[in-house]
Amino acid sequence: MENNNLNKKVIPMTSVSSGKGQFVNRDLFCLPIQIVNVVFVGAKDDGKWVLIDAGMPGSADKIKQEAENIYGKNHPPEAIILTHGHFDHVGALIDLLKVWKVPVYAHLNELPYLTGKNNYPEPDPTVEGGLVAKISWMFPNEGIDLAEQVQPLPDDHSVPGLHGWKWMHTPGHSEGHISLFRESDRSLIAGDAFVNVRQDSLYKVMTQGQELTGPPRYLTTNWEAAKQSVLDLADLKPNLAITGHGYPIQGEQLTEGLAKLAKDFDSLAKPDYGKYVE
């Protein structure tokens, strides 16, 4: 069950945005790595920052270099927060923790997959979707073992190291998936609760064609929970969202797109068939 060699796996997929990080506001930096985003929360002059998710296998050096470019050397994050533990969100974690001796936090329901107790359900290559869905059988589903380095997020929904942010349980894509929201400016870090690119389409993944849609189909196991999570996030009326895949989105494009996704989730996001589709 235990597998800490995930960081040695190479997933030969990338996109036009890979490596082109950007501050989307004063203290939110989105760094695309191949096909997934990691987020640095902290302004350049704040002196403190937090890493959200840990990217693809083999990406630790890129994450560390970008962090040094922004915050300087010898400035590790205060903490690493995981929206969930799928391979593309924890791929660099083991290597990062060899250098950054910092706590990792995740939802209690995600801990069995992060402490060597469980593997995730296998990806579903039979699900309705494009080429990425068809080749998803090759994606790792093994859990990793962080032992005591990972801790459950606080019960009061505060986010360690991030004043003003709250975490929300947004399951469906995984049991313990969370999203992060800051009320003061209505900023949302959505993880894979919804994404801004059709993640099952190879062409759209590579070109990063923007399309607000539900969680990646081939790894989502509870579609009723996924729908409710999108409804809950739409109720927040976020002004800015960084999703796990695709470009950051804000303003009317986000507000209208998320409202439509919530209203028409079954037709826009839920696949017509697949082993996890009821």
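So, here is what we can say about the structure in this document. (Residues numbered from 1 in each chain as written. Predicted model: local features only at pLDDT ≥ 70, side-chain atom pairs only at ≥ 80, totals over all residues. Heavy atoms only, no water.)

1. What to know about the sheet that holds strand E5 (residues 80-81)
Phase 1 of the analysis: Strand order in the open sheet formed by seven strands is E1-E2-E3-E4-E5-E6-E7, with mixed pairing between adjacent strands. Only two strands of the sheet have a single partner each, and these edge strands are strand E1 (22-25) and strand E7 (150-152).
Phase 2 of the analysis: Of the strands in this sheet, E1, strand E2 (28-33), strand E3 (36-41) and strand E4 (50-52) touch helix H1 (residues 60-71), which is tilted by about 30 degrees from E3. (Pairing = 2+ DSSP bridges. Helix = DSSP H or I, 4+ residues; strand = E, 2+ residues; numbered from the N terminus. Contact = heavy atoms within 4.5 Å. Axes fitted to C-alpha atoms, helices over the stretch in contact; angles between N-to-C directions.)

2. Quick word on the side chain of Asp-88
Phase 1 of the analysis: Structurally, Asp-88 is set in helix H2 (residues 87-90).
Phase 2 of the analysis: A polar contact of 3.4 Å, which involves the side chain of Asp-88, links it to the side chain of His-245.
Phase 3 of the analysis: Not counting residues within four places of it along the chain, the set of residues in contact with Asp-88 comprises Val-36, Gly-55, Met-56 and His-245. (Polar contact = N/O pair within 3.5 Å; in protein donor to acceptor, adjacent residues only side chain to side chain.)

3. A short note on the pattern of salt bridges
Where charged atoms of side chains with opposite charge meet at close range, the side chains can pair.
Phase 1 of the analysis: What the rule picks out here adds up to 13 salt bridges.
Phase 2 of the analysis: Linking Glu-128 and Arg-217 is a salt bridge whose minimum nitrogen-to-oxygen distance equals 3.7 Å. Taken together, the residues Glu-128 in the loop between helix H4 (111-114) and helix H5 (131-134) and Arg-217 in the loop between strand E13 (210-213) and helix H7 (223-235) connect sequence positions 89 residues apart.
Phase 3 of the analysis: Residue class for Arg-217 comes out buried when judged on its relative accessible area of 9%.
Phase 4 of the analysis: As a salt-bridge pair, Arg-182 and Asp-185 come within 2.9 Å of each other at their nearest N and O atoms.
Phase 5 of the analysis: Beyond isolated ion pairs, a larger network of salt bridges with shared partners links Arg-26, Asp-45 and Asp-46. (Salt bridge = Lys/Arg side-chain N within 4 Å of Asp/Glu carboxyl O. Buried < 20%, exposed > 50% of the residue type's maximum accessible area, 1.4 Å probe, protein only.)

4. Here we look at the sheet that holds strand E10 (residues 178-182)
Phase 1 of the analysis: Across the sheet, six strands lie side by side as E8-E9-E10-E11-E14-E15; this open sheet has mixed pairing. Looking along the sheet, the strands with just one partner apiece sit at the ends: strand E8 (158-159) and strand E15 (249-250).
Phase 2 of the analysis: Two strands pair when backbone bridges link them, and strand E11 (residues 187-191) and strand E14 (residues 240-243) are joined in this way by four bridges, in the parallel orientation. Its bridge partner being in E14, Gly-191 is matched across the sheet by Thr-243.

5. Considerations on the packing of aromatic side chains
Phase 1 of the analysis: As enumerated under the stated definition, the model contains 10 aromatic pairs in all.
Phase 2 of the analysis: Judged by centre distance (5.7 Å) and plane angle (65 degrees), the ring pair of Phe-139 and Tyr-218 falls under edge-to-face. One end of the pair, Phe-139, is in the loop between H5 and E7; the other, Tyr-218, is in the loop between E13 and H7, and 79 residues separate them in sequence.
Phase 3 of the analysis: A relative accessible area of 3% means that Tyr-218 is categorised as buried.
Phase 4 of the analysis: Taken together through their ring pairs, the aromatic side chains of Phe-23, Phe-29, Phe-40, Trp-49, Tyr-71 and Trp-100 make up a single cluster. (Phe/Tyr/Trp six-rings, centres within 6.5 Å; stacked < 30°, edge-to-face > 60°.)

6. Observations regarding unusual backbone geometry
Phase 1 of the analysis: Residue Asp-53 is not a glycine yet carries a positive backbone phi of 70 degrees.
Phase 2 of the analysis: Along the chain, Asp-53 turns up in the loop between E4 and H1.
Phase 3 of the analysis: A relative accessible area of 3% means that Asp-53 is categorised as buried.
Phase 4 of the analysis: The backbone of Asn-74 sits at a positive phi, close to 60 degrees, despite the residue not being glycine.
Phase 5 of the analysis: Mapped onto the fold, Asn-74 is located in the loop between H1 and E5.
Phase 6 of the analysis: Its relative accessible area of 75% is what places Asn-74 among the exposed residues.

7. Here we look at the side chain of His-86
Phase 1 of the analysis: Its place among the elements puts His-86 in the loop between E5 and H2.
Phase 2 of the analysis: Residue classification places His-86 among the buried positions, given a relative accessible area of 4%.
Phase 3 of the analysis: The contact partners of His-86, leaving out residues within four places of it in the chain, are Tyr-120, His-173, Ser-174 and Leu-219.

8. Description of the environment of Lys-260
Phase 1 of the analysis: Mapped onto the secondary structure, Lys-260 falls in helix H8 (residues 251-263).
Phase 2 of the analysis: Of the residues examined, Lys-260 reaches a relative accessible area of 47% and is grouped as partly exposed.
Phase 3 of the analysis: Sequence separation of Lys-260 and Ala-234 is 26 residues, and the distance between their C-alpha atoms is 9.2 Å.

9. What about the pairing of E3?
Phase 1 of the analysis: Burial within E3 is extensive, with six of its six residues counted as buried.
Phase 2 of the analysis: By the alternation rule, side chains of E3 split into Val-36, Val-38 and Phe-40 and Asn-37, Val-39 and Val-41, which are all buried.
Phase 3 of the analysis: When E2 meets E3, the two strands line up antiparallel, connected through six bridges. Of the residues in E3, the one forming a bridge with Leu-31 is Val-38.
Phase 4 of the analysis: Between E2 and E3, which follow one another and run antiparallel, lie two residues, and Gln-34 among them has a positive phi close to 60 degrees.
Phase 5 of the analysis: As paired elements, E3 and E4 share three bridges and run antiparallel to each other. From the neighbouring strand, Val-39 faces E4, where its bridge partner is Ile-52.

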